[in-house]
Amino acid sequence: MANKTTAAITGVGAWLPEYILDNDELSCMVDTTDEWITTRIGIKTRHILKGEGLGTSYLGERAVKNLLEKTGVDPLSIELVICATVTPDMFFPSTANLIAHKAGLTNAFCFDLSAACSGFLFALWTASRYIESGAYKRVVVVGADKMSSIVDYTDRKTCPIFGDGAAAVMLEPTTDGMGIQDALLHSDGSGAVHLYMKAGGSAYPASEETVANNWHRIHQDGQAVFKAAVSHMGDTTLELMEKNHLAASDIRYLVPHQANLRIIDATAARIGLPAEQCMINIQRYGNTTGATIPLCLWDYEKQLKRGDNLILAAFGGGYTWGAMWLKWAY
Ligand SMILES: CC(C)(COP(=O)(O)OP(=O)(O)OC[C@H]1O[C@@H](n2cnc3c(N)ncnc32)[C@H](O)[C@@H]1OP(=O)(O)O)[C@@H](O)C(=O)NCCC(=O)NCCS
């Protein structure tokens, strides 16, 4: 039987900035404690990019170079780069463009995709369609965010959550049944009021007023986001598994977006998966938005075997959310 073409992840790379912001340092910035952050969110440290003029492309460039080193792939053979980010270096050109230029992927066409914490999942699904169509054979998907550039470090309810980082995967076609199998992705703009950054776009361009009002920082209603994340991530992950006749015993790992350990635990429990089969690195990196899921794949790469069933699940601002089933290809 001739197998259909699917898109397989054939490599993963990442990069994290050197500076580590731990809970004790945060406790000097806002009224919080290591104990509160550890029990309510599950984060101990996050990496922060310091340095004048360094943006998300600085992170993404290094993640892509790590990917190229590990895979030995010729950068000129990459045909498309998609970067999932909500913290682009600037409105235009796209951060994907800047990353491709700096990392020498000069034959690729490039664009950014904005779906907040679901960005990597949306970008991976989009990239997989380009491969399955037969149009392209080598696509790089980058998840990268410099969240420290938009975090309000006077808001104790929000600032402990986020960190900076980048990770990238290589996607190539295969006919051996491995790779991306299915996904369910959703958006609901009514959630916009609970998680957003008000200014800096066309509605409220930067002005003295927007700066004075602190509108260039993340605004988050934590409880509303928490409830929506738990219910939507769980529902959609279960729906995807039922649709594809997958039981918990078929799954090697759940790869959840890393926003709050309690959201991760609730999602794993909802699909009946033991904690040790859930990729977790939130304690070290925090929520790096576009980068969390590929950073998990990068951290757990050595534990993965060809044919392992992975379920990727995400929830983010927008609202946006989704789940994806893939078979690890190497
Ligand atoms: C933000 C979040 C950690 C807050 O946790 P929570 O358990 O909901 O806490 P609440 O907002 O109910 O606050 C409970 C109390 O803790 C306090 N608190 C909040 N942040 C605190 C902090 N960093 N340190 C100490 N106390 C804090 C609150 O002021 C409140 O005190 P009060 O009862 O005296 O008013 C949690 O709601 C969350 O993770 N939401 C989802 C966020 C998310 O996933 N964002 C990314 C989207 S992908």
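Shown above is the structure to which this text applies.
Read on for an overview of the structure.

Quick notes on the rules
- Residues numbered from 1 in each chain as written.
- Predicted model: local features only at pLDDT ≥ 70, side-chain atom pairs only at ≥ 80, totals over all residues.
- Heavy atoms only, no water.
- Helix = DSSP H or I, 4+ residues; strand = E, 2+ residues; numbered from the N terminus.
- Contact = heavy atoms within 4.5 Å.
- Disulfide = S-S within 2.5 Å.
- Buried < 20%, exposed > 50% of the residue type's maximum accessible area, 1.4 Å probe, protein only.
- Salt bridge = Lys/Arg side-chain N within 4 Å of Asp/Glu carboxyl O.
- Pairing = 2+ DSSP bridges.
- Axes fitted to C-alpha atoms, helices over the stretch in contact; angles between N-to-C directions.

Concerning the environment of Ala-291
Within the element layout of this structure, Ala-291 appears in the loop between α9 (282-285) and α10 (292-300). Apart from the residues lying within four places of it in its own chain, the contact partners of Ala-291 are Gly-143, Ala-144, Gly-165, Ala-166 and Ala-167.

Points about the state of the cysteines
Evaluation of the coordinates by the stated rule reveals zero disulfides. With no disulfide partner, Cys-28 has as its closest neighbouring cysteine sulfur the one in Cys-159, 12 Å distant. Since its relative accessible area comes to 70%, Cys-28 is described here as exposed.

Some words on the pattern of salt bridges
Counted by the stated rule, this structure contains 12 salt bridges. Lys-4 serves as the salt-bridge partner of Glu-132, at 3.6 Å between the closest nitrogen and oxygen. With Glu-132 in helix α5 (residues 119-132) and Lys-4 in the segment before β1 (6-15), this residue pair connects regions lying 128 residues apart in the sequence. The class of Glu-132 is partly exposed, set by a relative accessible area of 21%. In this structure Lys-4 comes out as exposed when scored by relative accessible area, which is 56%. A salt bridge links Glu-132 to Arg-129; its shortest N-O distance comes to 3.0 Å. Placement of both Glu-132 and Arg-129 in helix α5 is noted, with a separation of three residues, approximately one turn of the helix. Classification of Arg-129 by relative accessible area gives partly exposed; the value is 34%. Residues joined by salt bridges that share partners form a network here, namely Lys-4, Arg-129 and Glu-132.

As for the sheet that holds strand β12 (residues 309-316)
Pairing within the open sheet is mixed, and its four strands lie in the order β8-β13-β12-β11. Among the strands making up the open sheet, the edge pair consists of β8 (179-187) and β11 (253-256). Sheet twist, expressed as the mean angle between neighbouring strand axes with direction ignored, is 15 degrees. The pairing of β8 with strand β13 (residues 320-327) spans eight bridges and is antiparallel. The partner of His-186 across the bridge, within β13, is Trp-321. Most of the contacts of helix α7 (residues 222-243) go to β12, to which it runs at about 150 degrees, and overall it touches β8, β11, β12 and β13.

Structural measurements only, silent on function.
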